[in-house]
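Here are the chains, one letter per residue:
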Amino acid sequence: MGNEFDDFVEPAARTQGRPPPARAAIPEKIADAYRHAASPVRRKLLERLLRPVGSLALAAVASGAFSTFLLRRVTLEDVARITADQTAELARFVEQCNPDALRQILSMLA
């Protein structure tokens, strides 16, 4: 007995072997820049990434790593604690809610 869904191909399986879209690389580029930047640049980068993010997202993105910024500004101690992977996750969120903000951040890094 056949099933009408036997021919269904998992979306992830369809994309295997293909390079990811170019825009998907932007958060990773930002994370890489964060990884290699000095602390003052990291702070500026985090401040720009956090501007378009609402309070609920601050608590949700990167398992709540950014929730401390609900009540205060980013400090140099914070940039030592926040990882590049958490920054990439934040950048992916910002890319979804405000792509123009990411373009401004890329031009700042250039």
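This report concerns the structure included in the present document.

Criteria and cut-off values
Think of each chain on its own: its residues are numbered from 1, step by step along the sequence as written. Given that this is a predicted model, residues contribute local features only at a pLDDT of at least 70 and side-chain atom pairs are listed and counted only at 80 or more, while totals for whole chains, interfaces and linings are drawn from all residues. Water and hydrogen atoms play no part in the side-chain values, which are based on all heavy atoms of the structure. Secondary structure elements are taken from DSSP: a helix is a run of H or I of four residues or more, a strand is a run of E of two residues or more, and numbering for both begins at the N terminus. Only protein chains enter the area calculation, which uses a 1.4 Å probe; residues under 20% of their type maximum are buried, those over 50% are exposed, and those in between are partly exposed. Throughout, a contact is declared for two residues whenever any of their heavy atoms are within 4.5 Å.

### Re the environment of Glu28
Structurally, Glu28 can be placed in helix α2 (residues 25-36). With relative accessibility at 37%, the residue Glu28 sits in the partly exposed group. For Glu28 and Glu89, which are 61 residues apart along the polypeptide, the C-alpha to C-alpha distance reads 8.8 Å.

### Side note on the environment of Ile30
With respect to the secondary-structure elements, Ile30 resides in helix α2. Its relative accessible area of 0% is what places Ile30 among the buried residues. Residues Ile30 and Leu90 lie 60 residues apart in sequence; the distance between their C-alpha atoms is 9.9 Å. Discounting chain neighbours no more than four positions away, the residues touching Ile30 are Leu45, Leu49, Thr87, Ala91, Leu102, Ile105, Leu106 and Leu109.

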